[in-house]
Amino acid sequence: MIKVKNIEKSFGSNHVLKNISVTYKPGECSLIIGASGSGKTVLLKSLVGLHEPDSGEIWYENTLFTILNNKEKKEIRKQIGMLFQGSALFDFATVEENVRFPMDFFTDWSDEEKLDRVNFCLKRVNLRDVNSLYPNELSGGMQKRVGIARAIALNPKYLFCDEPNSGLDPQTSILIDQLIREITQEYNITTVINTHDMNSVMEIGDKLCFIYKGALVWEGTKDDVLKTDHAELNEFIFASNMARKVKESAGLL
Amino acid sequence: MIKALETIGQYLLLMKSVLTKPDSWKIFRKQFINETEKLVLQSVHIVAIISVFIGAVIVLQTASNLENPLIPKMYVGYMTRESLVLEFCSTMIALILAGKVGSNISSEIGSMRITEQIDAMEMMGLNSANYLILPKISAATIFNPLLMLLSFILGLLGGALIIYLTNIITLGHYIDGIRFSFKSYYIFYSMTKMAAFSFIITSISSFFGYYATGGSLGVGRSSTRAIVISSVLILVFNLVITHLML
Ligand SMILES: Nc1ncnc2c1ncn2[C@@H]1O[C@H](COP(=O)(O)OP(=O)(O)O)[C@@H](O)[C@H]1O
Ligand SMILES: [Mg+2]
């Protein structure tokens, strides 16, 4: 469980996060939705301490994360897996080395144990025979899978994904979404996902938070989202003709 | 002015997290060997070529300036040795390395920054600055002084080669000149300068890469800035070290 209370973040005069409070539960995919530039990435990075919020509290279970020093934050981060928008695989390392990377630093496992775990994680994301390839030899979808494998390498309690579908075709997107949801449920992970993809919202949105210009203006589930009369949210969701038509045919417009 | 002070502060803070004990010595050793290969060994050829040519040119220039029969011919060897050891093999080579190695480092680290690879390391609880930068600084600072030595030897050989080819003076005079009142302290002085310059090049270009922003354009910008600033600092510290040591 992650509890966020009243966090604020500015870059100079750019007030990016405005008084955000929200709770994320284990075994659920919580989605942060909003237009580009609304502050989703900054929020996600603030949650894990890659950005320092100006004020407010972030709780991981009963630990107040925001007052920890760097060393103590590291202890929490060892329980966090993160999938970055561009996958952020280390391009100097092979797929196997990428997934093994956190194990090399933070476990005293033998080489065999590490290899077993690497192969287990790769298999979990439906990849095989890619151990010795470099990231630039993989397709975008495969890179995301390796990114997920690396994120779950140390059995995280928390998983953060920044736009896991960006740059992927709709079919691959859905597969990645489903993979994230399965892993979340299987290991009872608290998962937070940034997205502006309506397919993801309808596919895996156990819980949705809509960010508009840095403020959290709406919370609900994927069922609520179709019926809402929140103006900005409607504008965001029904931006495309297709979504509009779906809503019309369901008699909701 | 305030901006400059802020940048210096940011640089010092970064160095504070770079200059600590590595998270894993085993991995550090591997990276250290790797960086020695990349930053030092892969500079050998350019240093070698430039040194041979410059040694030859210094000999020609000095010889053509020494038409006065009262000045002994061995002066050519002496002058060549002094120019090489005092200035060329440390400062000039360092300026060349600032271009070659500096842009390599800042674009490598900069692209890791903008593709969030550095964030990914931090998320794994790793001290990314230490992990990425310490192997580079230590490899270059420890081994580049040997490049200075190499450059010195090859510079002298380049001089010998041009004498052999042109007979502008005799090789015997040249060698006498090289041995004339030889101060080994100068070699120590020059190697010290090279170590200092290598620290400047690697740390400054790592710094600009580490804080790169603004996409690939930003990486290009920070790489240019890294070369300019480290070149200027090399010139300034050349003055300071020379004042202290000579
Ligand atoms: N490191 C940074 N420094 C300054 N401003 C930033 C930084 N990161 C993000 N911003 C600003 O924060 C705002 C929100 O960005 P972001 O969270 O990336 O949006 P998105 O919702 O598309 O992920 C933007 O106006 C952006 O310019
Ligand atoms: Mg974003």
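Everything below is about the structure printed above this text.
Residues numbered from 1 in each chain as written. Chains lettered and ligands numbered in written order. Predicted model: local features only at pLDDT ≥ 70, side-chain atom pairs only at ≥ 80, totals over all residues. Heavy atoms only, no water.

Participant: Mind laying out the overall build of chain A, listing which residues take part and the relevant values?
Facilitator: Along its length, chain A carries ten helices and ten strands. Over its C-alpha trace chain A gives a radius of gyration of 19 Å, about what one expects of a compact globule, namely 18 Å for 253 residues. If you line up chain A on its principal axes, its C-alpha atoms span 60 × 45 × 30 Å. Looking at the 253 residues of chain A, the share that counts as buried comes to 51%. Nonlocal contacts in chain A, meaning residues at least 24 apart in sequence, comprise 64% of its contacts between residues at least 6 apart. By element, 47% of the accessible surface of chain A is carried by carbon and sulfur atoms, the whole surface being about 11600 Å². For chain A, the centre of its 30 positive side-chain charges and the centre of its 35 negative side-chain charges are spaced 3 Å apart. (Helix = DSSP H or I, 4+ residues; strand = E, 2+ residues; numbered from the N terminus. Rg over C-alpha atoms; globule rule 2.2 N^0.38 Å. Buried < 20%, exposed > 50% of the residue type's maximum accessible area, 1.4 Å probe, protein only. Contact = heavy atoms within 4.5 Å. Areas by Shrake-Rupley, 256 points an atom, 1.4 Å probe, with all protein chains shown as cover. Lys, Arg positive; Asp, Glu negative; His and termini not counted. Charge placed at Lys NZ, Arg CZ, Asp CG, Glu CD.)

Participant: Could you give an account of the overall build of chain B, with specific residues and numbers?
Facilitator: A count of helical and extended segments in chain B gives nine helices and zero strands. When the elements of chain B are put in sequence order from the N terminus, they spell out α-α-α-α-α-α-α-α-α. Principal axes of the C-alpha set define a box for chain B whose edges measure 70 × 40 × 35 Å. Burial status across chain B gives 50% buried among its 246 residues. Partitioning the contacts of chain B with sequence separation of at least 6, the portion at a separation of at least 24 is 86%.

Participant: If you had to explain a negative patch on the surface to someone new, which residues and values would you point to?
Facilitator: Residue and element names in this part refer to chain A. Together, Asp-108, Asp-111, Glu-112, Glu-113 and Asp-116 make up a region of like negative charge exposed at the surface. With respect to the helices and strands, Asp-108 occurs in the loop between helix H3 (95-106) and helix H4 (111-124). The exposure class assigned to Asp-108 is exposed, which follows from its relative accessible area of 76%. (Patch = residues over 30% accessible without salt bridge, like charges linked within 9 Å, V, L, I, M, F, W, Y side chains within 5 Å. Salt bridge = Lys/Arg side-chain N within 4 Å of Asp/Glu carboxyl O.)

Participant: I'd like to hear about the site of ligand 1, residue by residue, with values.
Facilitator: All names here are of chain A. In the region of ligand 1, the neighbouring residues are Phe-11, Asn-14, Val-16, Ala-35, Ser-36, Gly-37, Ser-38, Gly-39, Lys-40, Thr-41, Val-42 and His-51. In the environment of ligand 1, an oxygen atom lies 3.3 Å from a nitrogen or oxygen atom belonging to the backbone of Ser-38. Here an oxygen atom of ligand 1 sits 2.9 Å away from a polar atom, N or O, in the main chain of Lys-40. Within the complex, 59% of the 560 Å² of free accessible area of ligand 1 lies under protein. Counting residues per element, the ones that place at least two in the shell around ligand 1 are strand E2 (14-24) and helix H1 (40-48). Each residue belonging to the shell around ligand 1 can be placed in one class, and the counts come to four nonpolar, seven polar and one charged. (Near = heavy atom within 4 Å. Polar contact = N/O pair within 3.5 Å; in protein donor to acceptor, adjacent residues only side chain to side chain. Nonpolar A, V, L, I, M, F, W, Y, C, P; charged D, E, K, R; others polar.)

Participant: Any details on the side chain of Glu-82 of chain B? Residues and values, ideally.
Facilitator: Residue and element names in this part refer to chain B. With respect to the helices and strands, the residue Glu-82 is situated in helix H4 (residues 75-114). For Glu-82, a relative accessible area of 12% puts it in the buried group. Within the structure, the side chain of Glu-82 is placed 2.9 Å from the side chain of Arg-81, a separation counted as a polar contact. With sequence-adjacent residues up to four places away left out, Glu-82 is seen in contact with Glu-87 and Tyr-186.

Participant: Please provide a residue-by-residue account of the state of the cysteines, values included.
Facilitator: All names here are of chain A. Following the criterion strictly, the structure yields zero disulfides over all chains and no others. Free of any disulfide, Cys-29 has its nearest cysteine sulfur in Cys-161, 7.8 Å distant. You can call Cys-29 buried: its relative accessible area is 1%. (Disulfide = S-S within 2.5 Å.)

Participant: Would you mind going over the side chain of Ser-231 of chain B in detail, with residue names and values included?
Facilitator: Its place among the elements puts Ser-231 of chain B in helix H9 (residues 215-245). Excluding residues within four positions of it along the chain, Ser-231 of chain B makes contact with Leu-95 and Ala-98 of chain B.

Participant: Tell me about the packing of helix H1 (residues 2-18) of chain B against helix H8 (residues 184-210) of chain B, residues and numbers included.
Facilitator: All names here are of chain B. Packing of H1 against H8 leaves a shortest axis separation of 11 Å and a crossing angle of 105 degrees. Between H1 and H8, the angle is such that the two are roughly perpendicular. Side by side, H1 and H8 meet where Thr-7, Gln-10, Tyr-11, Leu-14 and Met-15 of the first sit next to Phe-199, Ser-203, Ile-204, Phe-207 and Tyr-210 of the second. Among the residues forming the contact of H1 with H8, the class breakdown is seven nonpolar, three polar and no charged. (Axes fitted to C-alpha atoms, helices over the stretch in contact; angles between N-to-C directions. Parallel < 35°, antiparallel > 145°, perpendicular 65-115°, else oblique.)

Participant: Could you give an account of the pairing of strand E3 (residues 29-33) of chain A, with specific residues and numbers?
Facilitator: All names here are of chain A. Counting buried positions along E3 yields five of five residues, so the element is predominantly enclosed. The side-chain alternation of E3 yields two buried faces, one formed by Cys-29, Leu-31 and Ile-33 and the other by Ser-30 and Ile-32. In the sheet, E3 pairs with strand E9 (residues 207-212) via four bridges, with the strands oriented parallel. Bridge assignment links Ile-33 to a residue of E9, and that residue is Phe-210. (Pairing = 2+ DSSP bridges.)

Participant: How would you sum up the nonpolar core? Please name residues and give values.
Facilitator: Counting 99 residues, the largest nonpolar core has Tyr-24, Leu-47, Tyr-60 and Phe-160 of chain A together with Ile-133 of chain B as its most contacted members. If one sorts the elements of this core by residue count, helix H6 (residues 128-166) of chain B sits on top with 14 residues. Look past the residues within four positions of Leu-47 of chain A in its chain and what remains in contact with it is Val-4, Tyr-24, Ile-58, Tyr-60, Phe-65 and Phe-160 of chain A. Residues Ile-189, Met-198, Phe-210 and Trp-218 of chain A belong to the second largest nonpolar core, which totals 42 residues. (Core = buried A, V, L, I, M, F, W, Y, C linked by side-chain atoms within 4.5 Å.)

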